[in-house]
Amino acid sequence: MAHLPRWLTGYETVILILTKLYDFHIGSVTESTLWRSTDYGSTYERMNDKVGSKTVLSYLYICPTNKRKIMVLTDPEFESSVLVSSDEGASFQKYRLSFYILSLLFHPTQEDWALAYSHDQKLYSSMDFGRKWQLVHEHVTPSRFYWSVSGLDKELDLVHMEAHTPDGNVQYVTCRAQMCTESNRNYPFPGYVDISSLVVQDDYMFIQVPTSGRAKYYVSYKRDPFLQIKLPKYSLPKDLHIVSTDEKQVFAAVQEWNQNDTYNLYLSDTRGIYFTLAMENVKTTRGIGGNQMLDLYEVAGVTGMLIANRRHDSQVRTYITYNKGREWRLLQAPSTDIAGNDIHCILPFCSLHLQLQTSENPYLSGTISTKGSAPGIIVATGNIGAELSYNNVGMFISSDAGNSWRQIFEEEHNVWFLDKGGALVAVKQPSVPTRHLWISFDEGRQWTRHSFSMVPLFVDGVLVEAGAENQIMTFFGHFSHRSEWQLIKIDYKSVFSRRCTEEDYQTWHLNNQGEPCVMGQKQIYMKRRPGNYCMLGRDYSRVLSTESCICKAHDFECDYGYERRGDGNCRPAFWFNPYTLSKSCSQGQNYFNSTGYRKVVSNNCTKGVKEMYTPRRQQCPSRAPRGLSLTTKDDKLTAHLGTNVSFKVHLDEGDSMRTNIQLDFGDGTAVSYSNLSWTEEGIRHMYKAAGIFRVTALAENSLGFDTTTLYLHVTSPVEHVQLLAPYVAIRHQEVNITAVVWPGHSRTVTYFWWLDNNTEPVITLEGSISYTFLTEGMHTVTVQVSSSNAILQDTRTVAVQEFFKSLLLSFSPNLDEFNPDIPEWRLDVGRVIKKSILQVLDFPEEQLLVAVVPGVPTAAELFLLPNRNQSHSKKNHEEELERVSKIIVSALNQNLVEFELKPGIRVIVYFTQLTLAPLVDSSPRHSSSAMLMLLSVVLLGLAVFLIYKFKRKIPWINIYAEVNQEKEQEMIGSAGQGDSTPKITLSEFTTSKELMEKELDARIKRGVGNSCENTREIPNCTSV
């Protein structure tokens, strides 16, 4: 396998060729050879001793501004070095690198400046042609870095690039190549951009912003601030590619929501903002690398001339335009075939169709070829019929810019332009070996065959067009797939007897089917007379004269928001309001009111209908504000707590200089601006609490007002979640299950409750839920908490019984010294307590549960469960549990239950008191003790309410609530009746004052629920 770039010096006598040997067994290159010729391919010298006999080279670069300078890269699998030459490759100097170069980008004007992209996504710069390198930026997107553009960027060494931030976002960054520290970097677009979206080309810069809905594209013209690209409202692009930016206009290919293998072609105004449709459903072709290539070809040498393949229904047909897409027509097929036989092909049912793929091999011509120095000549592969076909194709040529065509070959050929287009050379496609080439000196009317090899050669490429002095072609290829490379040099200078003089030229008038005005002007070219065997000189002039034409309707296209109807006139699209004025149009000023038309960019016509179609200057009227919209700068409805949120206010209609803007952030703060111009950079605000905030904008002037609302979710990451559920629950009796998150959130967390073996979760916005277990046994409860793109979860197991017995336990004070009050510790200590109780009690292990409750002093609850494997009556089970509980209480009172926490530290377990309702089942029961408990709770609640109303006089009330909030986090939930939590219910948003009062109420309620944990004298903290 060989890699064959070429390089020519100023005198165009030097060729460098790099060949590489690829070993298919090990799957890599094992050796390389650099060849150099100083007589344009007659002889070659092996240069391996100049670069290192064992050095394996990977790529050869030629400085575009000084072809005497060469840079060669070594294969990174062997070493990382660069070899530089300043004498046309006669000698090289080798420099070691600390990184592997994947690609190079030379400066367009400074011959010693280059950018290198490394294997680890770092960008380096060199100002001495590769001898020393300096890091520019890390984490740069491949192929998304650019040198400055002369005349637009102030610094010649400015670098445009797309760089990744540590959190994975992408930004557009500019800095100087050798001064790219953080303090010296600039960010021309104030926000994140989509990866691989930055394009810096000619007068324009493009980016795409990440959004969850419709894609948004922005453009900067001549380094002005970025503005959003305006496509027709319902184009809804899935993909957009910049086709070209020359001639002060942007061609964009847009794949819309209902397209799969076609794109629509759009053309912009001069600033690249407003796009109008030029052609629908342009066909695409998949290239060798899998990338989609648009079947659109811009003809060289003729301004405004394009050829495109359009799909309509199931057919693909070829169209041509002479005015940048304003009008398209089919190609007229030749009247005769190559043998002179008549062809009956009547438009529009039959026409000529062309293949429009450019070659991915730079040394082959592709399926279509034109040249700027040979205007009007088009050579292409195609077919005649109702639609484009890849069968029965031939080669066709036009000498008059696509007005008429002739067939020149029955098979596919590669065709090159020689002598600046004065001659054509054709060779069969490389899939077919050949010994012959064909040359034509009369624009393809006659061809002469010449043999260039004794053995048929698979032609892999041709180096042609050496320059004005050396008329040499170099063929390279192979005789078979196993043979070595063959190079054949052909000097065609001898076919020219002399240099062309004035008598050898003739004039040619560019026209469109007889219409002499193309792009608003008459153009007369000079061409060599067909058949004159003279050589063109360096000073060959293509355009003899140009003359502006009178403007006609075809010189104007539909303006943005307008569509061409069947009568040929441009009318407003259904979604466009032609009376909408720019918000910058202030009373007393003037604006240009569109007529529905705009002149085709680069069209040079004058007078005529120009005044009729040109926008008219009118005075700005007074208007009430309309179309007010409010967004965040990144178009997101979420923000992280503690970060600045930038709001953007947009007004479709209204006098921006006389319209007051008010913005209420929803957290008790608001701002007001006297006019809209003060808000252009965005309105920044930082929220101090998490929650959902109702942000309202008001635009008002003397004629009216308009309002809009945005609901912003301000979130902070959840660091921990703990599920609080009863250890034991009664079958058919509702229990409360609570999830506690840290830090606390307000309406910004979504809870997913997985209960039993349900396949779908219960989803709530509140951190608690009521649930009824229907069967006895061990049940698993899991909660997942979603906030700020993160999900945390916790799981608990609940024992469900028809009845049970429970005891409260306390411990000797030394246990508190070692209590870290974390769930893991409580589980381990619970297992130790259970083991120590079973040592003094003959009771099945599976019927005994111990739960250590949160907080200090340390306390625990002992649960005795009935044996369901025995067929005794319920009364017998109750009696059995009562008997066992008395045995345990007796053992505890005698200090017989103890355990060793660590060497020398023994902990005694005490009985505190029986819980309320010693034996609990699911039958209705109203005991006097239960009523007493209810009364005490009511009195306690009343006391807390009075404290809340006069809380300003009790300074410790907030501290008390906060302390108890921490204690609550693992409190056992109540098993009594409660309100069930609905699935995903969104209540009306409350005011800030109501939110504050609800928060204080919640804190007091949490204080009531937790107060019992502060003392062991009130054991009725656990309800079952």
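Residues numbered from 1 in each chain as written. Predicted model: local features only at pLDDT ≥ 70, side-chain atom pairs only at ≥ 80, totals over all residues. Heavy atoms only, no water.

Details of the overall build of the protein chain
Piece 1. A count of helical and extended segments in the protein chain gives seven helices and 72 strands.
Piece 2. Per-residue burial over the protein chain gives 48% buried out of 1024 residues.
Piece 3. Contacts spanning at least 24 positions in sequence make up 53% of the contacts within the protein chain whose residues lie at least 6 apart.
Piece 4. Carbon and sulfur atoms make up 51% of the accessible area of the protein chain, which amounts to about 50600 Å² in all. (Helix = DSSP H or I, 4+ residues; strand = E, 2+ residues; numbered from the N terminus. Buried < 20%, exposed > 50% of the residue type's maximum accessible area, 1.4 Å probe, protein only. Contact = heavy atoms within 4.5 Å. Areas by Shrake-Rupley, 256 points an atom, 1.4 Å probe, with all protein chains shown as cover.)

A look at the environment of H139
Piece 1. In this fold, H139 is placed in the loop between β12 (134-137) and β13 (140-147).
Piece 2. Separated by 18 residues in the primary sequence, H139 and Q121 have C-alpha atoms spaced 5.0 Å apart.
Piece 3. Leaving out residues up to four positions away in the same chain, H139 has contacts with Q121, E162, A163 and H164.

What to know about the pattern of salt bridges
Piece 1. A complete count under the given rule lists 29 salt bridges for this structure.
Piece 2. The partner of R185 in a salt bridge is E182, with the nearest N and O atoms 3.0 Å apart.
Piece 3. The exposed category is assigned to E182, whose relative accessible area is 52%.
Piece 4. Here R498 makes a salt bridge to D504, at a shortest N to O gap of 2.6 Å.
Piece 5. Given a relative accessible area of 39%, R498 falls into the partly exposed group. (Salt bridge = Lys/Arg side-chain N within 4 Å of Asp/Glu carboxyl O.)

With respect to the side chain of D269
Piece 1. Secondary-structure assignment places D269 in the loop between β22 (262-268) and β23 (275-286).
Piece 2. Within the buried set, D269 has no salt-bridge partner at all; the shortest N-O distance to an opposite charge, 4.2 Å, is to R271.
Piece 3. Reaching out from D269, the side chain makes a polar contact with the backbone nitrogen of G272 at a distance of 3.1 Å.
Piece 4. Those residues in contact with D269 that lie beyond four places of it in its chain are Y204, K248, Q249, Y274 and R598. (Lys, Arg positive; Asp, Glu negative; His and termini not counted. Polar contact = N/O pair within 3.5 Å; in protein donor to acceptor, adjacent residues only side chain to side chain.)

Re unusual backbone geometry
Piece 1. Here the bond from L347 into P348 is cis, since omega is 0°, no more than 30 degrees from zero.
Piece 2. In this structure, P348 sits in the loop between β28 (329-330) and β29 (351-354).
Piece 3. Following V856, the chain continues to P857 via a peptide bond in cis, the omega torsion being 0°.
Piece 4. Position of P857 among the secondary structure elements: in the loop between β69 (848-853) and β70 (859-864).

Observations concerning helix α4 (residues 874-893)
Piece 1. Taking 1.5 Å of rise per residue, 20 residues should cover 28 Å, and α4 covers 28 Å from first to last C-alpha, within 8% of that figure.
Piece 2. Among all positions of α4, only H877, E878, L881, V884, S885, I888, V889, A891 and L892 are buried. Projection of α4 onto a plane perpendicular to its axis shows the buried side chains occupying an angular sector of 160°, all on one side. For α4, exposure combined with an orientation more than 90 degrees from the buried face picks out K875, K886 and N893. (Expected span 1.5 Å × (residues − 1). Arc of directions from axis to C-beta.)

Some details on the packing of aromatic side chains
Piece 1. Following the criterion strictly, the structure yields 32 aromatic pairs and no others.
Piece 2. Centre to centre, the rings of Y597 and Y613 are 4.3 Å apart; their planes meet at 40°, and the pair counts as tilted. Taken together, the residues span a long stretch of sequence, with Y597 in strand β50 (residues 597-599) and Y613 in helix α2 (residues 610-613) at a distance of 16 residues.
Piece 3. A relative accessible area of 10% means that Y597 is categorised as buried.
Piece 4. Three or more aromatic residues link up through ring pairs in this structure, and these residues are Y274, Y560, Y562, W575 and F576.
Piece 5. Residue placement shows K69 over the ring face of F129; its charged tip is 5.7 Å from the ring centre.
Piece 6. The ring of W508 carries K527 above its face, with NZ or CZ at 4.2 Å from the centroid. (Phe/Tyr/Trp six-rings, centres within 6.5 Å; stacked < 30°, edge-to-face > 60°. Lys NZ or Arg CZ within 6 Å of the ring centre and 35° of its normal.)

What about the nonpolar core?
Piece 1. The biggest cluster of nonpolar side chains holds 29 residues, and the ones touching the most others in it are F189, F206, I207, F226, I229, L231 and F275.
Piece 2. Sorting the residues of this core by element identifies β15 (170-176), β16 (199-201), β17 (204-209), β18 (216-221), β20 (237-244) and β21 (251-256) as the ones contributing at least two each.
Piece 3. At five residues, β17 tops the list of elements feeding residues into this core.
Piece 4. Excluding residues within four positions of it along the chain, F206 makes contact with S197, L198, V199, Y218, V219, F226, I229, I242, T245 and V250.
Piece 5. With 27 residues, the next largest nonpolar core counts F803, V829, V850 and V907 among its residues. (Core = buried A, V, L, I, M, F, W, Y, C linked by side-chain atoms within 4.5 Å.)

Let's talk about the sheet that holds strand β10 (residues 114-118)
Piece 1. Taken together, four strands build an open sheet; the order of strands is β9-β10-β11-β12 and the sheet is antiparallel. The open sheet has two edge strands, β9 (101-106) and β12, and neither has a second partner. Direction aside, the axes of adjacent strands within the sheet are offset by 30° on average. (Pairing = 2+ DSSP bridges. Axes fitted to C-alpha atoms, helices over the stretch in contact; angles between N-to-C directions.)

Some thoughts on the confidence of the model for the protein chain
Piece 1. Averaged over all residues, the pLDDT of the protein chain equals 83, while 85% of them reach at least 70.
Piece 2. Contacts from residues 1-11, a stretch scored under 50 in pLDDT, to residues over four places away or in other chains number 47 contacts.
Piece 3. Counting interchain partners and residues more than four positions distant, the pLDDT-below-50 stretch residues 914-1024 has 143 contacts. (pLDDT = per-residue confidence, 0-100.)

Here's the deal with the sheet that holds strand β45 (residues 543-548)
Strand pairing within a sheet occurs via backbone hydrogen bonds; the two strands may be parallel or antiparallel.
Piece 1. The three strands lie next to each other as β42-β43-β45, forming an open sheet whose pairing is antiparallel. Edge positions in the open sheet fall to β42 (505-509) and β45, since each of these has one partner strand only. Ignoring strand direction, the axes of neighbouring strands in this sheet form an average angle of 20°.
Piece 2. Sheet analysis places strand β43 (residues 521-528) next to β45, joined by five bridges and oriented antiparallel. For Y525, the partnering residue across the bridge sits in β45 and is V543.

Some words on the state of the cysteines
Piece 1. One pass over the structure, following the stated rule, counts six disulfides.
Piece 2. Each sulfur of the disulfide joining C175 and C180 lies 1.9 Å from the other. On the S-S bond that ties C175 to C180, the torsion sits near -90°, and the link is left-handed.
Piece 3. The buried category is assigned to C175, whose relative accessible area is 1%.
Piece 4. Through a disulfide, C517 is tied to C549; the S-S separation comes to 2.1 Å. Because the sign of the S-S torsion sets the handedness, a value of about -95° for the bond joining C517 and C549 places this disulfide among the left-handed ones. (Disulfide = S-S within 2.5 Å.)

Some remarks on helix α3 (residues 823-838)
Piece 1. When the terminal C-alpha atoms of α3 are compared, their 23 Å separation across 16 residues agrees well with the 22 Å that a helix rising 1.5 Å per residue should span.
Piece 2. W825, R826, V829, G830, I833, K834, S836 and I837 are the residues of α3 that are buried. Viewed along the axis of α3, the buried residues span an arc of 165°, placing them on a single side of the element. Opposite its buried face, α3 presents the exposed residues E824, L827, R831 and K835, each directed more than 90 degrees away.
Piece 3. Contacts from the buried residues of α3 go to β60 (720-724), β68 (805-811), β69, β70 and β71 (898-902).

As for the side chain of T715
Piece 1. Summarising the element assignment, T715 is placed in strand β59 (residues 704-715).
Piece 2. Setting aside residues no more than four positions away along its own chain, T715 makes contact with A639, H640, L641, A690, T748, S787 and S788.

Side note on a nonpolar patch on the surface
Piece 1. A contiguous nonpolar patch, built from Y234, L236, W257 and F574 and spanning about 500 Å² of accessible area, is present on the exposed surface.
Piece 2. On the secondary structure map, L236 appears in the loop between β19 (227-228) and β20.
Piece 3. Exposure remark for L236: the relative accessible area of 32% places this residue in the partly exposed category. (Patch = residues over 30% accessible without salt bridge, like charges linked within 9 Å, V, L, I, M, F, W, Y side chains within 5 Å.)

Details of the pairing of strand β34 (residues 413-418)
Piece 1. Counted residue by residue, β34 has six buried out of six residues, so it is predominantly covered.
Piece 2. Side chains H413, V415 and F417 project from β34 onto one buried face, and the interleaved N414, W416 and L418 project onto a second face that is buried too.
Piece 3. With six bridges connecting them, β34 and strand β35 (residues 423-428) associate as antiparallel partners. Residue pairing for β35: H413 is matched across the bridge by K428.
Piece 4. What sits between β34 and β35 in their antiparallel hairpin is a turn of four residues, with D419 showing a positive phi close to 50°.

With respect to the environment of I273
Piece 1. With respect to the secondary-structure elements, I273 resides in the loop between β22 and β23.
Piece 2. When the C-alpha positions of I273 and Y217 are compared, they lie 9.7 Å apart, and in sequence the two are 56 residues distant.
Piece 3. Contact partners of I273, with chain neighbours within four places excluded, come to V219, L227, Q228, I229, K230 and S268.

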